[in-house]
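# Secondary and tertiary structure notes
For reference, the chains in residue letters:
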Amino acid sequence: MSAPLFVPGKPRLSVIVPLFNERESLPTLIEEIYEALADKELRQLFPEPFSFELLMIDDGSTDGSAGLLRDEIERRPEIRLISFQKNFGKTAALMAGFRECSGEVVVTIDADLQDDPLAIKPLLARLFSGYDLVGGWKKNRCDPFSKTVPSKIFNTVTRTFTGISLHDFNCGLKAYRREVVDLLDLHGEMHRYIPVLAHWNGFRVTEIPVQHRPRKFGETKFGPGRIFPGLFDFLTVLFITRYLRKPMHFFGMLSLAGFLAGFGISLYVTVEKIVFDQAAGNRPILFLGILLIILAVQFFSIGLLGEMLTRDTSRTQLYTIRETVNLRKHAEAPLTPGHHQKDQ
Ligand code: UDP
Ligand code: MG
């Protein structure tokens, strides 16, 4: 197994919860997470003494979720809060959690009580048996058809294209080794492809069935409108995992194909003109030939630009933080529980 789990002064385990307007669920959720993490067998999976942090990423909630969490922190020093300026989406919330957490093992869980925190123990047990990422598989998904059907299609397509034999790529419940979290650089709605990115970077990925519960409070934040952005994210993931470091291999192939086809067509039209004296100017196929050659030049230029960009590693800002509470990384000095700090 890889890296040792013990790093002095750091929590053993970071639990990350992305949340957007989930105030009603939060008290029960926190209670359930603390209960699940009090489990003796779970703690025995880690070297002594066990410690954890609970990172709540408030993704621009407007229902008072942040206020409720601030109060919770007064009583529970393990909780840390990051509040975004506005709603940046689940991917950004998870990224904030990944960047700010300090545990050697990381667990993510949804805030809406649909994921059962009791599943954390089996997830961790599986992780420690020799995996880098263990996802939950919502075997009996308790959601309406409008969610379960697109999700089935999404999982089948992703499984087919990637060759990764998971049933459920997009479960909120997942356990990670630190190395996986450090690798992830997500944007858009790419949290759905975390197992794909991990797998293609050589990490050992698996899943276990987990309990799924119906949504009790509030409503889903992901309606049918997510399908098309999801498709484009899929193309991006395919691209960045296979061609990010070599864009010319991708665009160069398109360029070559376009050029050969365009050149072939133009040659054909030219030969017919010269040999059989056929008029060339008004033939539709001539325009196709020209179009293909122009496209070939375009693809080549894009490939070249892509090659230049891969040398620029600067990152764009994915989110802006309004406030952090009890977050060690942002503190000048160690924070006492409940200490508020304005940030950035
Ligand atoms: N979420 C978030 N930002 C968003 C949308 C969702 O942080 O813009 C959180 C949400 O609060 C929940 C989790 O992501 O904790 C999953 O969202 P949801 O339950 O709406 O998705 P579903 O389970 O319906 O797919
Ligand atoms: Mg949900």
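Everything here concerns the structure above.
Source: prediction; values computed, not measured. (Residues numbered from 1 in each chain as written. Chains lettered and ligands numbered in written order. Predicted model: local features only at pLDDT ≥ 70, side-chain atom pairs only at ≥ 80, totals over all residues. Heavy atoms only, no water.)

Turning our eyes to something else, we now look at the overall build of the chain. The secondary structure content of the chain amounts to eleven helices and nine strands. Of all intrachain contacts in the chain linking residues separated by at least 6 positions in sequence, the fraction that spans at least 24 positions is 78%. Surface accessibility of the chain: about 17,500 Å² in total, with carbon and sulfur atoms responsible for 61%. (Helix = DSSP H or I, 4+ residues; strand = E, 2+ residues; numbered from the N terminus. Contact = heavy atoms within 4.5 Å. Areas by Shrake-Rupley, 256 points an atom, 1.4 Å probe, with all protein chains shown as cover.)

Moving on: the pattern of salt bridges. Within this structure, the stated rule accounts for 19 salt bridges. Among the ionic pairs, glutamate 22 bridges to arginine 215, the shortest N-O distance being 2.9 Å. Of the two residues, glutamate 22 sits in the loop between strand S1 (13-19) and helix H1 (26-37) while arginine 215 sits in the loop between strand S7 (205-210) and helix H9 (227-243), which places them 193 residues apart along the sequence. Of the residues examined, glutamate 22 reaches a relative accessible area of 7% and is grouped as buried. Residues joined in a network through salt bridges with shared partners are Glu22, Asp112, Arg215 and Lys221. (Salt bridge = Lys/Arg side-chain N within 4 Å of Asp/Glu carboxyl O. Buried < 20%, exposed > 50% of the residue type's maximum accessible area, 1.4 Å probe, protein only.)

As a further point, take the coordination of the magnesium ion (ligand 2). Where a metal carries four tetrahedral donors, each ideal angle is 109.5 degrees; where it carries six octahedral donors, the ideal angles are 90 or 180 degrees. Asp112 (OD) and Gln114 (OE1) make up the full set of protein donors to the magnesium ion (ligand 2), lying at 1.9 to 2.0 Å. Here the two residues aspartate 112 and glutamine 114 agree in accessibility, since each one is buried. (Donors = N, O, S within 2.8 Å, 3.2 Å for Na, K, Ca; no water.)

So, on to the site of ligand 1. Taken together, 18 residues surround ligand 1, and among them Glu22, Asp59, Asp112, Thr220 and Lys221 come closest. Here lysine 147 contributes a side-chain N or O atom positioned 3.2 Å from an oxygen atom of ligand 1. Considered on its own, ligand 1 offers 520 Å² of accessible surface; in the complex 94% of this is hidden by protein. Of the residues assigned to the shell around ligand 1, the class counts are five nonpolar, four polar and nine charged. (Near = heavy atom within 4 Å. Polar contact = N/O pair within 3.5 Å; in protein donor to acceptor, adjacent residues only side chain to side chain. Nonpolar A, V, L, I, M, F, W, Y, C, P; charged D, E, K, R; others polar.)

In an α-helix, one full turn covers 3.6 residues, which means residues spaced three or four apart are oriented alike. Its 18 residues place the ends of helix H6 (residues 145-162) 25 Å apart at the C-alpha level, agreeing with the 26 Å of an ideal helix rising 1.5 Å per residue. Taken residue by residue, H6 has Lys147, Thr148, Ser151, Phe154, Asn155, Thr158 and Thr162 as its buried positions. Each buried residue of H6 sits inside an arc of 130° when the element is viewed along its axis, so together they form one side. Facing away from the buried side of H6 by over 90 degrees, the exposed positions are Phe145, Ser146, Lys152, Ile153, Thr160 and Phe161. Immediately downstream of H6, the backbone of glycine 163 shows phi near 75°, a positive value. (Expected span 1.5 Å × (residues − 1). Arc of directions from axis to C-beta.)

The residue threonine 241 is located in helix H9 in this model. Taking the C-alpha atoms as reference, threonine 241 lies 6.8 Å from leucine 197; in sequence the two are 44 residues apart. Dropping the residues within four chain positions of it, threonine 241 is found in contact with Leu197 and Trp200.

The next subject is the packing of H1 against helix H3 (residues 65-75). At their nearest, the axes of H1 and H3 sit 11 Å apart, and the two run at 40° to each other. Classed by the angle they form, the pair H1 and H3 counts as oblique. Here the hand of the crossing between H1 and H3 comes out right-handed. Packed against H1, whose contacting residues are Leu26, Pro27 and Ile30, the element H3 presents Ser65, Leu68, Leu69 and Glu72 at the interface. Residues of the contact of H1 with H3, tallied by class, amount to five nonpolar, one polar and one charged. (Axes fitted to C-alpha atoms, helices over the stretch in contact; angles between N-to-C directions. Parallel < 35°, antiparallel > 145°, perpendicular 65-115°, else oblique. Left-handed = near helix turned anticlockwise from the far one by under 90°.)

Right, let's talk about the packing of aromatic side chains for a bit. For the coordinates displayed, the defined rule picks out eleven aromatic pairs. An angle of 85° between the planes, with centres 5.2 Å apart, marks the rings of phenylalanine 46 and phenylalanine 128 as edge-to-face. In this pair, phenylalanine 46 is assigned in the loop between helix H2 (40-44) and strand S2 (52-58) and phenylalanine 128 in helix H5 (residues 120-128), connecting sequence segments 82 residues apart. Considered together, phenylalanine 46 and phenylalanine 128 belong to a single accessibility category, that of buried residues. Plain terms: the ring middles of phenylalanine 250 and phenylalanine 251 are 5.1 Å apart, the flat faces sit at 85° to each other, and that makes the pair edge-to-face. Residue classification places phenylalanine 251 among the buried positions, given a relative accessible area of 15%. Ring pairing ties together the aromatic residues Tyr34, Phe46, Phe50, Phe52 and Phe128, which thus form one cluster. (Phe/Tyr/Trp six-rings, centres within 6.5 Å; stacked < 30°, edge-to-face > 60°.)

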